[in-house]
2 protein chains.
Amino acid sequence: MNQLKLENQLCFPFYAISRQITALYRPLLEPLDLTYPQYLVLLVLWEHKNLSVKELGKKLLLDSGTLTPLLKRMEQDGLVNRQRDKADERVVFVSLTNKGIELENEAKDIPFKLASCLALSMEEFFSLKAQLDKLMETTSALK
Amino acid sequence: MNQLKLENQLCFPFYAISRQITALYRPLLEPLDLTYPQYLVLLVLWEHKNLSVKELGKKLLLDSGTLTPLLKRMEQDGLVNRQRDKADERVVFVSLTNKGIELENEAKDIPFKLASCLALSMEEFFSLKAQLDKLMETTSALK
DNA sequence: TGCAATTAAATTGCAAACAATTTAATTTTA
DNA sequence: TAAAATTAAATTGTTTGCAATTTAATTGCA
């Protein structure tokens, strides 16, 4: 088997599916005026209220080079507040505005709508999820 | 189960693993002066010699908005030739230069090196590949 | 034939993504 | 305590990725 053929690669499907999934989110997120990475930030903040850029980056595997401009755009859009920690001026805390909090309700159907696009059975879903989580652990450890 | 929690999502692992894998490729591709998307273009051209931008885009799921500048950079780097089809001036064919052809030999170990990073058994590899291929088919059909 | 529709690339503009560097604050340690 | 090391964000510069539009060529069909 020729390993240099695209069809024999495992990595290309990850690259392609990742972009396809983002494309599936687009029409669902557009009414909320969100991009997929912005939606991910909101997912985390709906759960954790108040996080530093560092902590947010740890959960999303993104660094400040990506997050700072992204968060500034979200601040511009009135979704989040950014403020320096009084106790440690290096740290910037990110929290939700009322508008950001209220979006949770409008977004609550999105995971179901998207899951239905993927057309997986419960078994397939959980099996795949387990394999991805394992792979995620492997690749995260290689940092 | 709260579907709006990051940890319960299937899509986030795809997004994150995709970027992690690209990060794993980086040190392998850097000596060849390639980015991951450029490497993908070469994978296709090593197999198919001569393709239009359209055909290349079909294989990689990328449009001319992404490919045109990417291919221009690869042309600048002396990896590919771009020339308009004489028979149909709308079409641009992309082919490899000698330098591009020769890179295949230098790249031939990359898939194995990368596969070893992922630490999957043969069974896991093929099982995962099958599930991804199926998902890919599903999401591609939703275009 | 000749105009409308279609097609393939290219272009424009914007949002990520990330390496590398910089800035400023805090901690360590000599 | 003061300089060195570390840390957190921000900044800079480059490459992707994609929607939307434009340009130019070809095809279809009235």
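Residues numbered from 1 in each chain as written. Chains lettered and ligands numbered in written order. Predicted model: local features only at pLDDT ≥ 70, side-chain atom pairs only at ≥ 80, totals over all residues. Heavy atoms only, no water.

Section: the overall build of chain A
A tally of regular secondary structure across chain A gives seven helices and three strands. The order of α-helices and β-strands along chain A, N terminus first, is α-α-β-α-α-β-β-α-α-α. In terms of its C-alpha atoms, chain A occupies a principal-axis envelope of roughly 60 × 35 × 25 Å. Taking all 143 residues of chain A together, 45% fall into the buried category. Expressed as a percentage of contacts within chain A between residues at least 6 apart in sequence, the contacts between residues at least 24 apart total 48%. Roughly 7,700 Å² of accessible area belongs to chain A as shown, and the carbon and sulfur atoms make up 52% of that amount. (Helix = DSSP H or I, 4+ residues; strand = E, 2+ residues; numbered from the N terminus. Buried < 20%, exposed > 50% of the residue type's maximum accessible area, 1.4 Å probe, protein only. Contact = heavy atoms within 4.5 Å. Areas by Shrake-Rupley, 256 points an atom, 1.4 Å probe, with all protein chains shown as cover.)

Re the protein's contact with DNA strand C
In the region of DNA strand C, 27 residues are neighbours, and Thr35 of chain A together with Tyr15, Arg26, Thr68 and Lys72 of chain B sit closest. Restricting the count to atoms of DNA strand C within 4 Å of the protein gives a sugar and phosphate share of 79%. Arg73 of chain A places a polar side-chain atom, nitrogen or oxygen, 3.0 Å from a sugar or linking oxygen of DNA strand C. Elements supplying a minimum of two residues to the surface near DNA strand C: α2 (36-48) and α4 (64-76) of chain A together with α1 (11-29), α3 (53-60), α4 (64-76) and β2 (80-84) of chain B. Here the residues of the surface near DNA strand C sort into eight nonpolar, eight polar and eleven charged. (Near = heavy atom within 4 Å. Polar contact = N/O pair within 3.5 Å; in protein donor to acceptor, adjacent residues only side chain to side chain. Nonpolar A, V, L, I, M, F, W, Y, C, P; charged D, E, K, R; others polar.)

Remarks on the protein's contact with DNA strand D
Close to DNA strand D lie 27 residues; Tyr15, Thr68 and Lys72 of chain A together with Thr35 and Arg73 of chain B are nearest. Backbone atoms, meaning sugar plus phosphate, form 79% of the atoms of DNA strand D positioned within 4 Å of the protein. Between DNA strand D and the protein, one listed contact pairs a phosphate oxygen with a backbone N or O atom of Val53 of chain A at 3.2 Å. The side chain of Arg82 of chain A places a nitrogen or oxygen atom 2.7 Å from a phosphate oxygen of DNA strand D. Looking at the surface near DNA strand D, the elements that each hand over two or more residues are α1 (11-29), α3 (53-60), α4 and β2 (80-84) of chain A together with α2 (36-48) and α4 of chain B. Across the surface near DNA strand D, the residue classes break down as eight nonpolar, eight polar and eleven charged.

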